[in-house]
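Chains, contacts and geometry: an overview
Single-letter residue listing:
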Amino acid sequence: MAKLIGKNKIYCAVFISGRGSNLKSIFRYSKKKNSKIILKLVVSNKLSAPGAKFAKKNKIITQIVNYENTIKAEKEILSLLKKNDIKLICLAGFLKILSKNFIKNFNGKIINIHPSLLPKYKGLNTHERVIKNKESYSGCTVHFVNKKLDSGKIILQQKVKLYKLDTPKKLEKRILKIENKIYPKAINQILSKI
Ligand code: GRF
C-alpha cells in the first residue's frame, strides 16, 4: 500500500457505474478530520450515473470514460490516475472488469465491495441466489482486487441475517446499509497499517 502524504492522507479514486451510495459514504468519511484519504477523482463509465452527478456537485474531479474500446478507456484512466497521484482505487458498483494489465499497474492498491459473504456468491445476482438457496445469512465483503473475479484477499466482512419473507429487493436494501458502513472502515483499516 502507498505511503501516506502530507496530513497523513493519500489521494483516492472511486470507480462507479450507477447509484453511488458507497461513493457517498466514502466521501463522507474523506471529510472527517481523521480520515486517511482525500477523495480526488471519480471515474464513471456512464454519463447518467447519479453518483457522477453527486461527485461533480461536490467538486470532485469527475471523468466519464467511454468504454466502447476497453484498451483506450483503461489507457485514459491510467493517465488520469497518474496525473492525480492516486494511490488507492475503490471500486463501488463499477460494472466493468479491469484487465490483468491494469490490475498489475495498481497491484495491491485496488479494493472492491461485494454484496455477499465471499468466497460465497461471487459474481452477479447474489441476493436472488442467496434466497433461492435458503441461506440463513448473507452479508457484504470488502476485498483486494486481483486477477480473479471477487477472489482477492478479504479486508472486512459483515453478516446480515435473512428472514423468511425476504425478497432480493429487501435483502439488497438491508445489505447496502451495512456496505455503506463497512467500506470506509475497511479503507481506514488498510491505511492504518502503513
Ligand atoms: C453495491 O451493492 C456493491 O456491493 C456492488 O454494487 C452495488 C453498488 O451500489 N458491487 P452503489 O452504487 O454504491 O449504491
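Residues numbered from 1 in each chain as written. Predicted model: local features only at pLDDT ≥ 70, side-chain atom pairs only at ≥ 80, totals over all residues. Heavy atoms only, no water.

Thoughts on the site of the ligand
To keep things clear, this is the line we draw: Residues are classed as near a molecule or strand on a simple rule: at least one heavy atom within 4 Å of it. Any pair of nitrogen or oxygen atoms within 3.5 Å is treated as a polar contact; in protein, a donor-acceptor pairing is required on top of that, and neighbouring residues in sequence qualify only through side-chain atoms on both sides. A cavity here means a set of 1 Å grid points, computed over protein atoms only, where a 1.4 Å probe fits but cannot escape. A pocket is an open set with protein on both sides within 12 Å along at least 5 of 7 lines, and lining residues have an atom within 4 Å of a point. For this analysis, a molecule is said to be in a pocket or cavity if more than half of its atoms are within 2 Å of the grid points defining it. Each helix corresponds to a stretch of at least 4 residues labelled H or I by DSSP, and each strand to a stretch of at least 2 residues labelled E; elements are numbered beginning at the N terminus. Amino acids outside the nonpolar list (Ala, Val, Leu, Ile, Met, Phe, Trp, Tyr, Cys, Pro) and the charged list (Asp, Glu, Lys, Arg) are all regarded as polar, and Gly is one of them.
With respect to spatial proximity, the complete set of residues near the ligand consists of Arg19, Gly20, Ser21, Asn22, Gly93, Ile113, His114, Pro115, Leu176 and Glu179. In the model, an oxygen atom of the ligand is placed 2.6 Å from a nitrogen or oxygen of the Ser21 side chain. Between Ile113 and the ligand, the recorded distance is 3.1 Å, taken from a backbone N or O atom to a nitrogen atom. With respect to the detected pockets, the ligand is housed in the largest pocket. For the shell around the ligand, the secondary structure elements donating two or more residues are helix 1 (21–30), strand 5 (110–114) and helix 6 (168–192). The residue makeup of the shell around the ligand, split by class, is three nonpolar, five polar and two charged.

Here's the deal with the packing of aromatic side chains
The line we're drawing: Stacked, tilted and edge-to-face are the three classes assigned to paired rings of Phe, Tyr and Trp, where Trp is represented by its six-membered ring and a pair needs centres within 6.5 Å; plane angles under 30 degrees give stacked, over 60 edge-to-face, the rest tilted. Working definition: with a 1.4 Å probe on protein chains only, accessible area under 20% of the residue-type maximum means buried, over 50% means exposed, and in between means partly exposed. Criterion for a charge above a ring: Arg CZ or Lys NZ at most 6 Å from the ring centre, at most 35 degrees from the ring normal.
Here the structure, examined in full by the defined rule, presents five aromatic pairs. On the basis of an interplanar angle of 20° and a centroid distance of 6.3 Å, the ring pair of Phe102 and Phe106 is categorised as stacked. As far as burial versus exposure is concerned, Phe102 and Phe106 are alike and both buried. Cluster of aromatic residues (ring-pair linked, three or more members): Phe15, Tyr67, Phe94, Phe102 and Phe106. In this structure, Lys40 packs its charged tip against the face of Tyr11, placed 4.2 Å from the ring centre. Its guanidinium or amino end placed over the ring of Tyr137, Lys161 lies 5.7 Å from that ring's centre, counting from NZ or CZ.

Details of the packing of helix 1 against helix 2 (residues 50–57)
Keep this limit in mind: What counts as an axis is a line fitted to C-alpha atoms, over the stretch in contact for a helix, and the angles between N-to-C directions run from 0 to 180 degrees. Note on terminology: angles under 35 degrees are roughly parallel, angles over 145 are roughly antiparallel, angles of 65 to 115 are roughly perpendicular, and the others are oblique. Whether two residues are in contact is decided by their heavy atoms, any of which lying within 4.5 Å being enough.
Between helix 1 and helix 2, whose axes approach to 9 Å, the crossing angle comes to 25°. With respect to their mutual orientation, helix 1 and helix 2 come out roughly parallel. On helix 2, the residues touching Leu23, Lys24 and Phe27 of helix 1 are Gly51, Phe54 and Ala55. Residues of the contact of helix 1 with helix 2, tallied by class, amount to four nonpolar, one polar and one charged.

Considerations on a positive patch on the surface
For the record, the criterion: Each patch is assembled from residues with relative accessible area greater than 30% and no salt bridge, linking like charges that lie within 9 Å and nonpolar side chains (Val, Leu, Ile, Met, Phe, Trp, Tyr) that lie within 5 Å. Working definition of accessibility: Shrake-Rupley area with a 1.4 Å probe, residue cover restricted to the visible protein chains. Salt bridge criterion: a side-chain nitrogen from Lys or Arg within 4 Å of a carboxyl oxygen from Asp or Glu. Only four residue types enter the charge count, namely Lys and Arg as positive and Asp and Glu as negative; His and the chain termini do not. The atoms used to mark charge sites are NZ of Lys, CZ of Arg, CG of Asp and CD of Glu.
A surface patch of positive charge is lined by Lys24, Arg28, Lys32 and Lys57. Residue placement: Lys24 occurs in helix 1.

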